[in-house]
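Chains, contacts and geometry: an overview
Listed below, chain by chain, are the residues.
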Amino acid sequence: MSIPHRLVLLVISLAALAGGLSIALAHPLAPLWATLVFLGLIVLFVWQPRLGLVAVPAFLPLLNFSPWTGWLIVDEFDLLVLAVVAAGYLQMQGAGSGPQRGDFFPLLLIVVLLIAALGTSNLALPDLDGFAGYDSSLNRFRVGKSLLWGALLFPLLARVGSRSSAGPTTAGFSCACVLGSVWIILAACWERGFYPGWFEFSTPYRTVALFWEMHLGGAALDAYLVLIAPLLVWAWQSVSTPVLRFTLGIYIQAYVYVCLTTYSRGVLGAIAGSMVLLSALLLKQRGRIGQAAPVFKPSSIFMLLLVALEVVLVLGSDSFMNRRLAESERDFGNRLQHWSQGIGLLKTPQQWLLGIGLGSLPAQWASDASGPVLSGASYSRRDNGLHTMVLEGPDDRAGDNNSRKLGGLYALSQRVDLVSGQRYLFAMDVRGKPGTEMMVQVCAMHLLYPGKCQTRRIRLDSDGWQHWESALFGYAFKLTDWQSLGHGVFALSVLTPGAKVEMSNLQLSAGGGDLLRNAQFQHGGAAWFPTARSYFLPWHIDNLYLEILIETGLIGLSAFLAFVYLLARRLIAAFGQGLPLAAYFLSCIAGLLALGLLVSVLDMPRVATLLALMLLWAWRYAAPERECETSP
């Protein structure tokens with residue numbers, strides 16, 4: 001390898017190291033531990049490079065603690081990716097291997113950097129803040145980082161070499177994806193066990209599990225479940241021992257339960273479609289090789305019967321899902337109107353060609369009079385040495401009646417301890433216009449849907465700073481330890497349309513000391529987490545293809561569709577040549593593309609990263625033999 005190539009690899013490794021250290025040292029909860037773990041992972045992945053590629057999908061669902069840290073732009077998963085990149089490129093540099101002439105890594109990286117540059121051209125150094133909102137310039141990085149991670153990880157994927165070694169490595173990747181889903185299934189069951197209950201199917205409640213990115217809506221869990229579902233079939237067919245089959249069978253039933261209790265029409269349709277496609281491909285594969293064994297073994301038939309029974313039980317006549325199905329026609333009309341508002345952001349030929357900028361949709365909608373109104377907003381500020389938090393009520397552009405309906409649907413929250421048998425006492429310094437109404441709550445909740453709450457309404461009575469304190473009213477929590485763990489949420493909302501308040505010196509107690517962190521906002525938004533409930537239109541376009549079109553233009557959408565087309569051709573050719581995982585990759589990607597007709601994906605960075613990895617890994621796995629032979 002030439003010296004310039006080695007230098008490029010070293011620069012990328014050092015940049016990943018520097019970026020990861022910057023993020024780890026700024027961790028709001030445990031900067032020392034974050035730094036030590038980050039450096040330890042680099043050492044581990046230099047020693048065993050392939051562990052990094054397996055760790056990314058295996059720990060992707062777990063590594064985000066935004067409700068506790070307050071981070072919106074970066075998260076702990078970014079630290080894992082940067083550790084893999086730093087170690088992988090350092091190892092490549094030392095071994096003298098790297099992207100070859102036939103690889104499209106340089107082009108891919110250049111395109112990603114250009115897209116990111118278009119979105120962050122107005123970014124200034126003071127804007128670098130992990131707590132910045134989705135209407136800030138840094139949201140361009142938040143949305144674009146999944147593309148960057150995919151581009152940087154691709155050369156590491158390419159090092160699997162020939163098809164003979166690519167097969168076992170790809171199987172390891174698929175196994176890591178299945179193992180990673182365990183975090184989600186356990187979290188979803190823990191969430192529903194807390195509220196509304198494992199066997200309560202009529203309550204309007206949609207699970208989010210560990211995808212805290214859904215704090216302002218979105219469909220991260222939906223997209224993740226659809227991507228992983230065909231790989232469970234692969235795992236079921238791969239295991240043969242009775243103990244493993246029994247264990248996996250129980251897990252598949254839990255997975256189906258979580259899919260059903262998302263109450264997402266898109267999830268059920270996309271998974272059903274991907275299963276039909278997968279079944280057709282597997283039948284064709286068996287017919288081609290002349291396999292005499294039955295298509296469905298008795299254990300598989302029994303599993304299908306259990307799944308059918310589960311569908312009947314969860315989607316019974318009283319189910320929330322039936323109400324959603326009954327409202328499909330009305331919901332589709334609302335979606336068409338919402339999509340039309342999004343397309344309306346493309347006002348010039350240049351915007352139609354290049355888009356408005358990756359991650360720019362929320363900011364553009366916030367400044368566009370024809371866009372959906374905001375239910376609230378929050379941001380920290382510093383004035384004459386005083387650190388405060390500004391909290392805004394619903395936008396009053398929708399008219400007084402409509403705006404008032406949005407009051408309380410946006411909140412600034414913090415995770416707190418749920419104290420059994422106690423009433424909470426709250427105090428703060430606040431200023432705003434007289435007559436402004438606020439709501440203070442402590443709720444037992446996972447993320448979006450409150451179970452029980454203690455509440456107090458506030459009405460400001462003067463212009464200047466005033467001190468307010470009172471006890472909250474409502475349910476005295478009586479919870480077991482496992483129920484209360486991580487489920488206490490303190491929330492502040494402004495109810496008055498068009499109003500804003502400025503707050504400082506917050507205090508919350510329940511028979512003991514102060515329960516709040518960063519209550520004087522000296523560390524900006526650390527520990528504070530914005531959440532929305534029921535109304536999510538200002539933050540998502542709810543369509544993958546429109547999302548790409550609006551933010552990257554016709555060029556970006558054409559490039560995406562062209563890549564998917566070429567990948568599909570490559571996978572179909574690989575399937576025809578007998579590569580066993582090609583059918584599963586085709587089904588995973590087809591399911592996600594079908595779901596993309598109803599949901600956004602790129603604005604959920606972890607799921608978008610998994611999609612990018614799956615697309616690139618499938619591309620490499622299905623590579624022609626001659627292409628694999630030129631790899632390092």
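To start, this report covers the structure provided alongside it. Source: prediction; values computed, not measured.

Next up on the list: the overall build of the chain. For the chain, the helix and strand inventory stands at 22 helices and 11 strands. Burial status across the chain gives 54% buried among its 632 residues. In the chain, once contacts between residues fewer than 6 apart in sequence are set aside, the share between residues at least 24 apart is 77%. Of the accessible surface of the chain, which amounts to about 26,800 Å², a share of 64% is contributed by carbon and sulfur atoms.

As a further point, take the pattern of salt bridges. According to the stated counting rule, one finds 11 salt bridges in the structure shown. Here E502 and R381 are joined by a salt bridge, their closest N and O atoms 3.7 Å apart. Here E502 is found in strand β10 (residues 500-509), whereas its partner R381 is found in strand β1 (residues 377-383), with 121 residues between them in sequence. For E502, a relative accessible area of 7% puts it in the buried group. K500 is paired through a salt bridge with E392; the nearest N and O atoms lie 3.6 Å apart. Of the two residues, K500 is situated in strand β10 and E392 in strand β2 (residues 386-392); the sequence distance between them amounts to 108 residues.

If you walk through the whole model with that rule in mind, you get one disulfide. Note on cysteine connectivity: C443 is disulfide-linked to C453, with sulfurs 2.0 Å apart. Between C443 and C453, the S-S dihedral sits near 110°, and the bridge is therefore right-handed. Residue C443 is found in strand β5 (residues 437-445), and its partner C453 is found in strand β6 (residues 450-459); the two are separated by 10 residues along the sequence. Each member of the pair, C443 together with C453, is buried.

Bringing the nonpolar core into the picture now. Counting 180 residues, the largest nonpolar core has F426, F490, M503 and L506 as the members making the most contacts within it. Leave out the neighbours within four places in its chain, and F490 touches L412, S413, Q414, V416, F426, V440, Q441, V442, L506, L508, L516 and W528.

What follows is about the environment of L386. Along the chain, L386 turns up in strand β2. Remark: the alpha-carbon pair of L386 and S504, spanning 118 residues in sequence, is separated by 8.5 Å. Beyond its immediate sequence surroundings of up to four residues, L386 is in contact with R381, W465 and S504.

Bringing a nonpolar patch on the surface into the picture now. Taken together, the side chains of L32, W33, L36 and V37 present a nonpolar region at the surface, about 470 Å² in accessible area. Tracing the backbone shows L32 in helix α2 (residues 31-47). Relative accessible area serves as the criterion here: at 58%, L32 is assigned to the exposed category.

Assignment of secondary structure puts E310 in helix α12 (residues 298-314). In this structure E310 is buried but unpaired, with R192 as the nearest side chain of opposite charge at 9.9 Å. Here E310 is in contact with Q253, V256, Y257 and L260, once residues within four sequence places are set aside.

Next up on the list: α2. The end-to-end C-alpha distance of α2, which contains 17 residues, comes to 25 Å, matching closely the 24 Å that a straight helix rising 1.5 Å per residue would cover. Its buried side turned inward, α2 meets α1 (3-25), α3 (49-59) and α5 (76-95).

In spatial order, the strands read β8-β6-β5-β9-β3-β11; together these six strands make up an open sheet with antiparallel pairing. Each of the sheet's edge strands pairs with one partner strand only, and the pair in question is β8 (473-474) and β11 (529-532). One ladder, built from two bridges, connects β6 with β8; its direction is antiparallel. Residue pairing across strands places Q454 opposite G474, the latter belonging to β8.

So, about unusual backbone geometry. Across residues other than glycine, the phi torsion is negative in most instances, and most of the peptide bonds are trans. Residue P196 is reached from Y195 by a cis peptide bond, and omega for that bond is 5°. Along the polypeptide, P196 turns up in the loop between α8 (163-194) and α9 (220-238). Even without a glycine there, the phi angle at N505 is positive, about 55°. Mapped onto the elements of the fold, N505 is located in strand β10. Exposure remark for N505: the relative accessible area of 31% places this residue in the partly exposed category. The residue S534 is not glycine, and still its phi comes out positive at about 75°. With respect to the element layout, S534 can be found in the loop between β11 and α19 (544-576). Classification of S534 as exposed rests on a relative accessible area of 58%.

Residue placement: Q237 occurs in helix α9. The spatial distance from the C-alpha of Q237 to the C-alpha of S300 is 9.1 Å, given a sequence separation of 63 residues. Those residues in contact with Q237, other than ones at most four positions away along the chain, are R245, L282, R286 and Y584. One polar contact links Q237 to Y584, side chain to side chain, over a distance of 2.7 Å.

About the cut-offs
Residues numbered from 1 in each chain as written. Predicted model: local features only at pLDDT ≥ 70, side-chain atom pairs only at ≥ 80, totals over all residues. Heavy atoms only, no water. Helix = DSSP H or I, 4+ residues; strand = E, 2+ residues; numbered from the N terminus. Buried < 20%, exposed > 50% of the residue type's maximum accessible area, 1.4 Å probe, protein only. Contact = heavy atoms within 4.5 Å. Areas by Shrake-Rupley, 256 points an atom, 1.4 Å probe, with all protein chains shown as cover. Salt bridge = Lys/Arg side-chain N within 4 Å of Asp/Glu carboxyl O. Disulfide = S-S within 2.5 Å. Core = buried A, V, L, I, M, F, W, Y, C linked by side-chain atoms within 4.5 Å. Patch = residues over 30% accessible without salt bridge, like charges linked within 9 Å, V, L, I, M, F, W, Y side chains within 5 Å. Lys, Arg positive; Asp, Glu negative; His and termini not counted. Expected span 1.5 Å × (residues − 1). Pairing = 2+ DSSP bridges. Polar contact = N/O pair within 3.5 Å; in protein donor to acceptor, adjacent residues only side chain to side chain.

As far as function goes, none of this settles anything; it's purely spatial.
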